[in-house]
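Fold and geometry: a report
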Amino acid sequence: MALRKRASDDKPLKNAKIVGCTHVNAQTAVLIETLAALGASVRWAACNIYSTQNEVAAALAESGFSVFAWRGETEEDFWWCIDKCVNAENWQPNMILDDGGDA
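Since we're looking at a predicted model, the values are computed, not measured.

What follows is about the side chain of arginine 4. Note that arginine 4 resides in helix H1 (residues 2-7). Exposure remark for arginine 4: the relative accessible area of 18% places this residue in the buried category. Arginine 4 has contacts with Val30, Glu33, Thr34, Ala37 and Leu38, leaving out every residue within four places of it along the chain.

This is how it looks when you write it as structure tokens:
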């Protein structure tokens, strides 16, 4: 929160297009919101089909973030979500934040 307050006016992540692939939980939501507050555009998928907190993914999506994750995804769903993050129309990522190398 201190980082958001200190750097939000400068937007140090302006023009950053970040694909994220991590656990989707409350901590991730804070990270995603912070990246956006600092100027980044983000698209996110879950790295683990069992760790996603559906209420967090839904809240992020309702806030306008492109989040592709739900608890209990099939393997096919998992790769579909990754594809939606990486291959979005008119959006080319220039950064990856990934805790397992799936993206």
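The subject of this paragraph is the sheet that holds strand E1 (residues 17-22). The 4 strands are arranged E3-E2-E1-E4 in an open sheet whose pairing can be described as parallel. Where the open sheet ends on each side, the last strands, each with one partner, are strand E3 (66-68) and strand E4 (95-98). Strand-to-strand, the axes of this sheet are offset by a mean angle of 15°, without reference to chain direction. In the packing of helix H2 (residues 26-37) onto the sheet, contacts are made with E1, strand E2 (41-46) and E4, and the angle to E2 comes to roughly 160°. Along the sheet, helix H4 (residues 75-86) makes contact with E1, E2 and E3, crossing E2 at roughly 170°.

Turning our attention to the confidence of the model for the chain. The share of residues in the chain with pLDDT of 70 or more is 100%, and the mean pLDDT across the chain is 94. Element-level pLDDT for the chain is lowest in H1, with a mean of 89, against a maximum mean of 98 in helix H3 (residues 54-62).

Let's shift gears to the packing of aromatic side chains. Considering all chains together, one arrives at 3 aromatic pairs under this definition. On the numbers, 6.4 Å between centres and 55° between planes, the contact of tryptophan 70 with tryptophan 80 is tilted. In this pair, tryptophan 70 is assigned in the loop between E3 and H4 and tryptophan 80 in helix H4, connecting sequence segments 10 residues apart. Taking relative accessible area as the criterion, tryptophan 70 reaches 32% and is therefore assigned partly exposed. Judged by relative accessible area, tryptophan 80 falls into the partly exposed class, the value being 42%.

Another point: the pattern of salt bridges. Taken as a whole, this structure holds 1 salt bridge when the rule is applied. Here arginine 4 and glutamate 33 are joined by a salt bridge, their closest N and O atoms 3.6 Å apart. Here glutamate 33 lies in helix H2 and arginine 4 lies in helix H1, a separation of 29 residues in the sequence.

With that out of the way, let us pick up the side chain of glutamate 73. Within the secondary structure, glutamate 73 sits in the loop between E3 and H4. Buried and without a salt bridge, glutamate 73 has arginine 71 as its closest oppositely charged side chain, separated by 10 Å. Within the structure, glutamate 73 has its side chain in polar contact with the backbone nitrogen of tryptophan 70 (distance 3.0 Å).

Structurally, the position occupied by threonine 28 is in helix H2. Note on threonine 28: relative accessible area 7%, which makes it buried. Spatially, the C-alpha atom of threonine 28 lies 10 Å from that of threonine 52, the residues being 24 residues apart in sequence. Sequence-distant contacts of threonine 28, that is, excluding residues within four places in its chain, are made with Thr22, His23 and Trp44. Engagement of the side chain of threonine 28 in a polar contact is seen with the backbone oxygen of histidine 23, the distance being 2.4 Å.

Reading the values: rules and limits
Residues numbered from 1 in each chain as written. Predicted model: local features only at pLDDT ≥ 70, side-chain atom pairs only at ≥ 80, totals over all residues. Heavy atoms only, no water. Helix = DSSP H or I, 4+ residues; strand = E, 2+ residues; numbered from the N terminus. Buried < 20%, exposed > 50% of the residue type's maximum accessible area, 1.4 Å probe, protein only. Contact = heavy atoms within 4.5 Å. Pairing = 2+ DSSP bridges. Axes fitted to C-alpha atoms, helices over the stretch in contact; angles between N-to-C directions. pLDDT = per-residue confidence, 0-100. Phe/Tyr/Trp six-rings, centres within 6.5 Å; stacked < 30°, edge-to-face > 60°. Salt bridge = Lys/Arg side-chain N within 4 Å of Asp/Glu carboxyl O. Lys, Arg positive; Asp, Glu negative; His and termini not counted. Polar contact = N/O pair within 3.5 Å; in protein donor to acceptor, adjacent residues only side chain to side chain.

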